[in-house]
Amino acid sequence: MFVFDWGGLYHQPALGWLTAGVVTTLAVTVAAVPLASILAVVIAALRLERGLLRWSAIAVIELFRNTPLLVQLLFWYFAGFAALPRSWKRWIADSHPWAVLPPGVPLVTPEFLVAVWGLAVFTAVFLAEEIRTGLSAVPAGQIEAARAQGFSRIDVLRFVLLPQAFLNAWQPLVGQFLNLMKLSSLASSIGLGEITYQARTIESYNAHAVEAFAVGTVLYLIIGLAMGRLLIWLGPQRPGSRRRAAAEAHLVETGGDAL
Amino acid sequence: MVPVENAAPKIEFRGVAKRHGAVQAIRGVDLTIRSGEVVVICGPSGSGKSTLIRLINGLETISDGEILVDGALVSSLRGKALRSLRTRIGFVFQQFNLYAHLTAEENVSLALRRITGLTPAAARDRALGLLDRVGLADKPASFPHQLSGGQQQRVAIARALAMNPDILLFDEPTSALDPEMIGEVLGVMREVARSGITMIVVTHEMGFARQLADRIVFLDEGRVLEEASPEQFFSAPVHERTRRFLSQIRSPLHTTDG
Amino acid sequence: MLDFSVIGRNLDYLILGQTSDRFLGGLMLTLAMATTACVIALLVGCLLALVAWRFPGWPRDLLFLWADLIRGVPLILVIFWLYFLLPAITGRDLPSALTVVLALAWFSAAAVMYTTLAGLEALPFGQTEAARAAGFSDLQVLGLILLPQALRNLVPSYVGLLVSLIKDTSLAYIVNVPELTTVAGQINSREQVYPVEIFLFLTLIYFCLCEGLSLSAGAVARLLRRSR
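A short tour of the structure in this document, coming up. What you see is a predicted model, and the numbers here were worked out from it, not measured in a lab.

1. So, the overall build of chain B
Consideration 1: Scanning chain B from terminus to terminus reveals 9 helices and 10 strands.
Consideration 2: Expressed along its principal axes, the backbone C-alpha trace of chain B runs to roughly 55 × 40 × 40 Å.
Consideration 3: The proportion of buried residues among the 258 residues of chain B is 55%.
Consideration 4: When contacts within chain B are restricted to residue pairs at least 6 apart in sequence, those whose partners lie at least 24 apart make up 66%.
Consideration 5: When the accessible surface of chain B is split by element, carbon and sulfur atoms take 47% of a total near 10800 Å².
Consideration 6: Distance from the positive charge centre (30 side chains) to the negative charge centre (29 side chains) of chain B: 5 Å.

Now the structure itself:
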C-alpha cells in the first residue's frame, strides 16, 4: 500500500528544517516553563488573598481556562501584538544576531515571543489550580498544630503548607509542563517554525506526508519522555524515599532501622 | 505532682462563654488552675471539654468573659502577642497533627529553629534529647507515616515540650489510639506530670486521672458541674449526672438504669 | 475607540457559516462537531473502560499503553495523521470536518477510558463483592450495580469533556474547516483593521459557552447528589 521513502527526510533541506523545528520546540518550552511558573505563583498567591485581588485572580483563571489556546494565540498575535508600542515592534522586527540559536533559529521574532507569552499565560492558570489543590490536600490539623506552636500565617505557609503542596502537586505540575511542550505545536498556526510547522513544510515540499508526520510524532514522544523523566528526577522526593533517607542518614545518632 | 494549695493562679476562667452560631458550647465557666497543678477535665461528648482548653491558647475565641494566664488577660490577644503566648503553651492534639513532610527530629526542632532562633545544631541536640525522653531515641529520622499511632503521639508530646512551655494542654491524647498503644503515651504523660509543669488533660482515661490528677473537673453541657480531688470524685460524686457518667465509663455495656 | 460594528455585519457568518454552502459553518458547525465527537468518544471510551475493568491483566496494560501514546502526541498531529491517512485507507475523499471530528473522538476516547475506569474503581469495592456474593455475573454486576452509580458521579467529568471538545474544535482552523475560529480568522484577514474586536468577540463566545456548560454541570452534580 505505502512505499516509504525516508531519504526525503535525512537529506537537506528537510533535515535542516527538522533540526530547526526541534530546536524551536525546545526553545519555546524552555522559555515558557519558567515564565509560566512565576505567573502561576503570582496567580495562586492572589487567589489566596481576599476581596478584589481574589476575584481578579478568579476572573483571569476562568477566562483562560474556558477559551481555546488557539484563540488565545491568535488574539495575542493579531490583536495583542498590534497594540504594542511602535518602538517595541520596530525593535522586534530588527535582526538580532545575538539571539539566534545554532541552525538559524531566531528568537526575537513576533511568532516566538507571542508563542512563549501565550503558552506561559495559558499554562500558568492550570499550574495555579494544581498548586491550590496541593495546598488544600494538606490536613487542616497540621495548620492548627503550627498555629498552636506560635507560627504566623506566613510561617505556616512557608514551613508546613508550601513544602507539602509541592510534594503533592509535583506529578500534576510535571503533567502541565509536558502539556505545554505538546501545545507548542499550536504555534505552528501563527507561523512559528517548530516541529509541526516543519513537518508540514516538508510535506508540501516533497509530499512525504506519512514519513514527515511519523518523524514528528516520534520526536514529540521522545522529547515528552525525556522531559518527564528529567522533571520528576529534579523535583521534590516523597519523604521516606531512598534518596532522602541517604541524605539524612547522618542524623541518626544511634544505629537501628528507619522503620 | 507538686503541692499546689498555695501556688499562684496560673490560668483563670472568669465567666467564660462560647457560642458557635446558635449553639452555646460553654456557659459561664469560672475555674482557677494553679501553677504546677495537673487537672483532668472529663464529661460526656459535646460537653465542651475540647473547646474549653482550645480557648486558652486562642485556637477558639471566647464570646464572653475573660481568661487570664499569670494574671494577664489573654482572651483578646491577637497577632504577635498571641503568637508569643502560644510559644509558652504546649498543645497535644487527638489526631497528633505531626508535620507529614518532616522527620520526627525535624518536627520537634522546627519551632526551635524558626521561632526561638536556635542554631540547627543546638536545635537538633535539644530535639534528640526530647525524643530520648519520650522513649524514641532510635527514631529521629523516621517520618510520621513510618511510625505507629502511639509513637506519633509521643513525638507530638516531645514537640509540645520543645519550647519549654510552662503550660501543657492535652486534647483527648489517647482517644485515637489502638488500646495496646495507650499505655506508652500515658507513661510519657505520667513522667511529664511529675515534672511540676501545669497540665490540663481532657481525657476519658480514669486510671490516669485517679493516679496523677490533683483535681478532676466534670463538664456537662458547657458548665462545670463538679470539681473535686480524685478520691472524692470517684468515691462520692455529688450530682446524678456525674454518677451516671462514671457508671457508663466503668461499664460501657450497662444500659439505662445507671 | 473599539468599533464592534464589524461583528454586527458578520454575525450571520459567524453563527451559521457561509449561507450559500449546503453545509453548516461557524458556531453551529463548532457545536455540531463537538457534540458528535463527544458522543463517539463517550461510547468508545466507556467500552474500553469496561474491557479494562473486566480484564485487568495484559489487555488493560495494552489499553493504557495505547492511551499514553495517543496523549503523548499533540492533538494537531493526530488531526494531520487522519487527514492524510483516512483518504488513503478508505480510498475516498472525506470532508475535513469529519476528519477533525474523528481525530477529536479518537483523542478524547483515551481520556474517557481513564476517567470512567477511575469512576468505576472509586466505588467501594464492597459493592462488587456483595453483588458477586449474591451470584450476579460480571456483566450484571456492571450493568445493574456499578455503572448506574459510577455514571452519576461521572456526569461532571463528561461535561468537562464536552467543554474540552468545544475548545479543541478550534484546531480545525489548521485544516481550514469553517468552524467558528476559522470563520473569525477569515473575517480578520478580509477586514484587516479590527483584530481586537473580532478576537475579543471570539473569546467571549467561547467563554460564555464553556463557562456556562461548566457551571450547569456543577449545578447538575449538586442536584444528583441531593436526590440520593
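Following the structure, the description resumes.
2. Thoughts on a nonpolar patch on the surface
Consideration 1: Judged by side-chain polarity, Trp58, Leu62, Leu65 and Leu69 of chain C come together as a nonpolar surface patch covering roughly 480 Å² of accessible area.
Consideration 2: With respect to the helices and strands, the residue leucine 65 of chain C is situated in helix α3 (residues 58–72).

3. Description of the interface of chain B and chain A
Many descriptions give the size of an interface as the accessible area lost when the pieces come together.
Consideration 1: Between chain B and chain A, the contact holds 34 residues from the first and 28 residues from the second.
Consideration 2: Taken over both partners, the interface formed by chain B and chain A buries close to 2800 Å², and the fraction arising from carbon and sulfur atoms is 57%.
Consideration 3: Summed over the shared surface of chain B and chain A, the result is 1 salt bridge.
Consideration 4: A salt bridge links arginine 54 of chain B to glutamate 144 of chain A; its shortest N-O distance comes to 2.4 Å.

4. Some details on the packing of aromatic side chains
Consideration 1: All chains considered together, the criterion is met by 16 aromatic pairs over all chains.
Consideration 2: A ring pair is formed by phenylalanine 151 of chain A and phenylalanine 159 of chain A, whose centres lie 6.0 Å apart and whose planes are at 55°; its orientation type is tilted.
Consideration 3: Its relative accessible area of 10% is what places phenylalanine 159 of chain A among the buried residues.
Consideration 4: Following the ring pairs from residue to residue traces out a cluster consisting of Phe213 of chain A together with Phe80, Tyr83 and Phe84 of chain C.
Consideration 5: Across the ring face of tryptophan 55 of chain A, the terminal group of arginine 54 of chain A is positioned such that the distance to the ring centre comes to 5.3 Å.

5. Overview of the pattern of salt bridges
All names here are of chain B.
Consideration 1: Enumeration according to the criterion identifies 20 salt bridges over all chains in this entry.
Consideration 2: Taking the shortest distance from any N to any O, the salt bridge between arginine 215 and glutamate 37 comes out at 2.7 Å. Residue arginine 215 is located in strand β9 (residues 215–220), and its partner glutamate 37 is located in the loop between β2 (23–34) and β3 (38–42); the two are separated by 178 residues in the primary sequence.
Consideration 3: When its relative accessible area of 14% is taken as the criterion, arginine 215 is described as buried.

6. Re the sheet that holds β9 of chain B
Residues and elements named next belong to chain B.
Consideration 1: With mixed pairing, 6 strands are arranged side by side in an open sheet as β6-β7-β8-β3-β9-β10. Sheet topology places β6 (89–92) and β10 (223–228) at the edges, where each strand pairs with a single neighbour. Across the sheet, the mean angle separating the axes of adjacent strands is 15° when strand polarity is ignored.
Consideration 2: In the sheet, strand β7 (residues 167–171) pairs with strand β8 (residues 198–202) via 5 bridges, with the strands oriented parallel. Its bridge partner being in β8, aspartate 171 is matched across the sheet by valine 202.

7. Details of the packing of helix α6 (residues 125–133) of chain C against helix α7 (residues 138–168) of chain C
Residue and element names in this part refer to chain C.
Consideration 1: Close contact between α6 and α7 brings their axes to 10 Å; oriented N to C, the two are set at 145°. For the pair α6 and α7, the sense of crossing is right-handed. On the side of α6, the interface is formed by Gln127, Thr128, Ala131 and Arg132, while α7 contributes Asp138, Val141, Ile145, Leu146 and Gln149.
Consideration 2: Looking at side-chain class alone, the contact of α6 with α7 contains 4 nonpolar, 3 polar and 2 charged residues.

8. Digging into unusual backbone geometry
Consideration 1: Even without being glycine, phenylalanine 96 of chain B reaches a positive phi, approximately 65°.
Consideration 2: In this structure, phenylalanine 96 of chain B sits in the loop between β6 and α3 (104–116).

9. Notes on the packing of helix α1 (residues 14–48) of chain A against helix α9 (residues 209–234) of chain A
All names here are of chain A.
Consideration 1: In contact at an axis separation of 12 Å, α1 and α9 are set at 35° when each is read in the N-to-C sense. Where α1 crosses over α9, the handedness of that crossing is right-handed. Listed contacts from α9 to Leu18, Val22, Thr25, Leu26 and Thr29 of α1 are Val215, Leu219, Tyr220, Ile223 and Met227.
Consideration 2: When the residues that make up the contact of α1 with α9 are grouped by side-chain class, the tally is 8 nonpolar, 2 polar and no charged.

10. With respect to the interface of chain C and chain A
Consideration 1: Facing the 31 residues of chain C at the interface are 29 residues of chain A.
Consideration 2: A combined buried area of about 2800 Å² lies between chain C and chain A, and 78% of that area is made up of carbon and sulfur atoms.
Consideration 3: Counting the contacts that link chain C with chain A gives 0 salt bridges.
Consideration 4: The interface formed by chain C and chain A includes 4 residue pairs in polar contact (both at pLDDT 80 or more).
Consideration 5: Those elements that place two or more of their residues in the side of chain C that touches chain A are α3, α4 (75–90), α7, α8 (180–191) and α9 (195–226) of chain C.
Consideration 6: With 11 residues, α9 of chain C is the largest single contributor of residues to the side of chain C that touches chain A.

11. Remarks on the sheet that holds strand β1 (residues 9–20) of chain B
All names here are of chain B.
Consideration 1: Pairing in this open sheet of 4 strands is antiparallel, and the strands run β2-β1-β4-β5 from one edge to the other. Both outer strands of the open sheet, β2 and β5 (72–73), are each paired with one neighbouring strand and no more.
Consideration 2: Pairing of β1 with β2 involves 8 bridges; the strand directions are antiparallel. Opposite proline 9, over in β2, you have arginine 34 as the bridge partner.

12. Some thoughts on the side chain of asparagine 57 of chain B
Consideration 1: Secondary-structure assignment places asparagine 57 of chain B in the loop between α1 (49–56) and β4 (64–69).
Consideration 2: Overall, the relative accessible area of 0% leaves asparagine 57 of chain B in the buried class.
Consideration 3: Among all residues touching asparagine 57 of chain B, those that are not within four sequence positions of it are Ala148 of chain A together with Leu82, Arg86, Ile89 and Phe91 of chain B.

13. Quick word on empty space enclosed by the protein
Consideration 1: A full pass over the atoms with the stated rule returns 4 cavities of 30 Å³ or more.
Consideration 2: The volume enclosed by the largest cavity comes to roughly 130 Å³.
Consideration 3: Lining the largest cavity are 14 residues, with Gln149 of chain A together with Ile89, Gly90, Phe91 and Ala160 of chain B sitting closest to its centre.
Consideration 4: Those elements that provide at least two residues to the lining of the largest cavity are α6 (140–149) of chain A together with α2 (79–87), β6 and α5 (149–161) of chain B.
Consideration 5: Reported here for the second largest cavity is a volume of approximately 80 Å³.
Consideration 6: Considering the residues around the second largest cavity, the lining is formed by 13 residues, among which Gly58, Glu60, Val74, Ser75 and Leu82 of chain B are closest to the centre.
Consideration 7: Of all the secondary-structure elements, those providing two or more residues to the lining of the second largest cavity are α1 and α2 of chain B.

What counts, and where the lines are drawn
- Residues numbered from 1 in each chain as written.
- Chains lettered and ligands numbered in written order.
- Predicted model: local features only at pLDDT ≥ 70, side-chain atom pairs only at ≥ 80, totals over all residues.
- Heavy atoms only, no water.
- Helix = DSSP H or I, 4+ residues; strand = E, 2+ residues; numbered from the N terminus.
- Buried < 20%, exposed > 50% of the residue type's maximum accessible area, 1.4 Å probe, protein only.
- Contact = heavy atoms within 4.5 Å.
- Areas by Shrake-Rupley, 256 points an atom, 1.4 Å probe, with all protein chains shown as cover.
- Lys, Arg positive; Asp, Glu negative; His and termini not counted.
- Charge placed at Lys NZ, Arg CZ, Asp CG, Glu CD.
- Patch = residues over 30% accessible without salt bridge, like charges linked within 9 Å, V, L, I, M, F, W, Y side chains within 5 Å.
- Salt bridge = Lys/Arg side-chain N within 4 Å of Asp/Glu carboxyl O.
- Buried area = accessible area lost by both parts, 1.4 Å probe.
- Phe/Tyr/Trp six-rings, centres within 6.5 Å; stacked < 30°, edge-to-face > 60°.
- Lys NZ or Arg CZ within 6 Å of the ring centre and 35° of its normal.
- Pairing = 2+ DSSP bridges.
- Axes fitted to C-alpha atoms, helices over the stretch in contact; angles between N-to-C directions.
- Left-handed = near helix turned anticlockwise from the far one by under 90°.
- Nonpolar A, V, L, I, M, F, W, Y, C, P; charged D, E, K, R; others polar.
- Polar contact = N/O pair within 3.5 Å; in protein donor to acceptor, adjacent residues only side chain to side chain.
- 1 Å grid on protein atoms, 1.4 Å probe; cavity = no way out; pocket = protein on both sides within 12 Å on 5 of 7 lines; lining within 4 Å.
- Points joined across faces, edges and corners; volume = space filled by probe spheres on them.

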